[in-house]
Amino acid sequence: MSDVETAPTHDWNGDSGTRWAANLARLDVMLEDFGKAAITAANVRAGELVLDIGCGSGTSTFPLAEQVGPGGHVLGVDISEQLVEIARAAAPIGAPVEFRCADAATTSLPAGSFDLLFSRFGVMFFDDPVAAFTHMRGALKPGGRLAFVCWRGAQENDWVRLPMSAIRDIVEPVPADPTAPGPFAFGDRQRLADILAAAGFTAIDIVPFDTTISYGRGATRAEAVDDALDMAFQVGPLSRALADQPEDIRARAADAVRAAFAKRPGETSVLIDGAGWIVTARN
Ligand SMILES: C[S@@+](CC[C@H](N)C(=O)[O-])C[C@H]1O[C@@H](n2cnc3c(N)ncnc32)[C@H](O)[C@@H]1O
């Protein structure tokens, strides 16, 4: 088991959604390279019908819509009312997009109708991933494609590894199941391949994708480190580990996490290592 705490509590239609919405701009900077790599792997063609799973505020839905063009269509499904509202408000006039607030694992979808199931970090939260992927595969045309990006393990991702290691001696780590629903549920490549195979997918390809993440930005180096600290306190496992801690513990944790980020390079940002899987498969 990883010694990085990865608490499985994700209330996407509540607190997690609110935090995500409040940090949208910097999360989009953080996730940009991953999303572009997934869209490239998806090989979208004009006129296609696409399902964007866990679409959030629509950051991946809109470029997908540009690629399918006026003859195509993209349906974004997300369980967070708040994020779906943001996506609807941001949709360019006339774009071939539609958003639905629903659980992608169970929402009714037209059988055999989509060319592509896509996701940018929206598929790791299902309680029963085999059932969820089986359900969504039922909406794919025969020969249709699956393409998504998800995180590799917490130990390979500095946005979690650095802060959680920094507070190890301050807050007792909560042992967690690394396969529980959450950002790192698909960290284990074989487990992910087994889930997709059990859901009926073929031609499963899981490729590592590594990039440098700009985590925290500012006019000066000190501002950037403070911004990285603020972000870690608001989104992700650190925010959950510290949620119920008293002020003195939170202050000690802040000093330790700031020192950890300060060791990373960057001038007006904190540059950290990010590691994902780019996953493709066929129906
Ligand atoms: C890490 S965020 C990614 C959001 C968006 N794809 C992006 O890249 O900005 C995960 C998203 O998955 C959504 N989500 C989690 N479980 C879901 C489910 N069962 N059905 C639909 N959406 C879900 C959350 O509400 C959240 O918007």
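Basis of the calculations
Residues numbered from 1 in each chain as written. Predicted model: local features only at pLDDT ≥ 70, side-chain atom pairs only at ≥ 80, totals over all residues. Heavy atoms only, no water. Helix = DSSP H or I, 4+ residues; strand = E, 2+ residues; numbered from the N terminus. Buried < 20%, exposed > 50% of the residue type's maximum accessible area, 1.4 Å probe, protein only. Arc of directions from axis to C-beta. Contact = heavy atoms within 4.5 Å. Polar contact = N/O pair within 3.5 Å; in protein donor to acceptor, adjacent residues only side chain to side chain. Near = heavy atom within 4 Å. Areas by Shrake-Rupley, 256 points an atom, 1.4 Å probe, with all protein chains shown as cover. Axes fitted to C-alpha atoms, helices over the stretch in contact; angles between N-to-C directions. Parallel < 35°, antiparallel > 145°, perpendicular 65-115°, else oblique. Left-handed = near helix turned anticlockwise from the far one by under 90°. Nonpolar A, V, L, I, M, F, W, Y, C, P; charged D, E, K, R; others polar. Core = buried A, V, L, I, M, F, W, Y, C linked by side-chain atoms within 4.5 Å. Pairing = 2+ DSSP bridges. Salt bridge = Lys/Arg side-chain N within 4 Å of Asp/Glu carboxyl O.

Q: Let's hear about unusual backbone geometry: which residues, and what values?
A: Positive phi is not limited to glycine here, since phenylalanine 121 has a value of about 60 degrees. Its location among the elements puts phenylalanine 121 in the loop between strand 4 (114–120) and helix 5 (129–137).

Q: Quick one: what's the story with the environment of aspartate 128, residue by residue and with numbers?
A: Following the sequence through the fold, aspartate 128 ends up in the loop between strand 4 and helix 5. Exposure remark for aspartate 128: the relative accessible area of 45% places this residue in the partly exposed category. When the C-alpha atoms of aspartate 128 and proline 181 are compared, they prove to be 8.6 Å apart, with 53 residues separating the residues in sequence.

Q: Run through helix 7 (residues 189–198), naming residues and quoting values.
A: All of the buried residues in helix 7 are Leu192, Ala193, Ile195 and Leu196. The buried residues of helix 7 occupy an angular sector of 160 degrees when projected down its axis, which confines them to one face. In helix 7, the exposed positions angled more than 90 degrees off the buried face are occupied by Gln190 and Ala198. Contacts from the buried residues of helix 7 go to helix 5, strand 5 (140–151), strand 6 (202–217) and strand 7 (269–282). Two or three places before glutamine 190, at the opening of helix 7, aspartate 188 has a side-chain oxygen 2.9 Å from that residue's backbone nitrogen.

Q: If you had to explain the site of the ligand to someone new, which residues and values would you point to?
A: The ligand sits among 17 residues. The nearest are Gly54, Asp78, Asp103, Ala104 and Arg120. Separating an oxygen atom of the ligand from a side-chain N or O atom of arginine 120 is a distance of 2.5 Å. Here the ligand has 590 Å² of accessible area as a free molecule, and 97% of this is covered by the chains.

Q: So what's going on with the packing of helix 6 (residues 158–166) against helix 10 (residues 247–262)? Which residues, and what values?
A: In contact at an axis separation of 8 Å, helix 6 and helix 10 are set at 135 degrees when each is read in the N-to-C sense. Classified by the angle between their axes, helix 6 and helix 10 sit oblique to one another. In this structure, helix 6 crosses over helix 10, and the sense of that crossing is right-handed. Counted together, Leu162, Pro163 and Ala166 of helix 6 and Ala256, Val257, Ala260 and Phe261 of helix 10 form the full contact between these two elements. Each residue belonging to the contact of helix 6 with helix 10 can be placed in one class, and the counts come to seven nonpolar, no polar and no charged.

Q: Lay out the side chain of aspartate 158 with the relevant residues and their values.
A: Turning to its location among the elements, aspartate 158 is positioned in helix 6. The residues touching aspartate 158, leaving out its near neighbours within four places in the chain, are Pro163, Arg264, Ile272 and Asp273.

Q: Run through helix 4 (residues 81–90), naming residues and quoting values.
A: Turning to helix 4, its buried residues number three or more, namely Leu83, Val84 and Ala87. Down the axis of helix 4, the smallest arc covering the buried residues is 100 degrees, so these residues share one side. Set apart from the buried face of helix 4 by more than 90 degrees, the exposed residues are Glu85 and Ala89. In this structure, the buried side of helix 4 is in contact with helix 1 (15–22), helix 3 (61–68), strand 2 (73–78) and strand 3 (97–101).

Q: Lay out the nonpolar core with the relevant residues and their values.
A: Phe133, Phe148, Trp151, Phe186 and Tyr215 are the most contacted members of the largest nonpolar core, which totals 88 residues. At eight residues, helix 2 (residues 24–42) tops the list of elements feeding residues into this core. For phenylalanine 133, the residues in contact, after removing those within four places along its chain, are Val123, Phe126, Leu146, Phe148, Phe186, Ile195, Leu196, Ala199 and Phe201.

Q: Any details on the sheet that holds strand 4? Residues and values, ideally.
A: Pairing in this open sheet of seven strands is mixed, and the strands run 3-2-1-4-5-7-6 from one edge to the other. Sheet topology places strand 3 and strand 6 at the edges, where each strand pairs with a single neighbour. The mean inter-strand angle of the sheet, taken between neighbouring strand axes irrespective of direction, is 20 degrees. By the bridge criterion, twelve bridges tie strand 6 to strand 7 in an arrangement that is antiparallel. Paired with serine 214 across the strands is leucine 271, a residue of strand 7. Against the sheet, helix 5 engages strand 1 (49–53), strand 4 and strand 5, with an angle of about 140 degrees to strand 5. On top of the sheet, helix 6 reaches strand 5, strand 6 and strand 7; it is set at about 130 degrees to strand 7, its chief contact.

Q: How would you explain the pattern of salt bridges if you had to name every residue and give the values?
A: As enumerated under the stated definition, the model contains 15 salt bridges in all. Linking lysine 36 and glutamate 32 is a salt bridge whose minimum nitrogen-to-oxygen distance equals 3.2 Å. On the criterion of helical spacing, the pair formed by lysine 36 and glutamate 32 is a turn pair, its members being four residues apart in helix 2. By relative accessible area, which is 39% here, glutamate 32 ends up partly exposed. Measuring nitrogen to oxygen at the nearest pair gives 3.6 Å for the salt bridge that ties aspartate 273 to arginine 264. What you see here is one network of salt bridges that share partners, running through Asp158, Arg161, Arg264 and Asp273.

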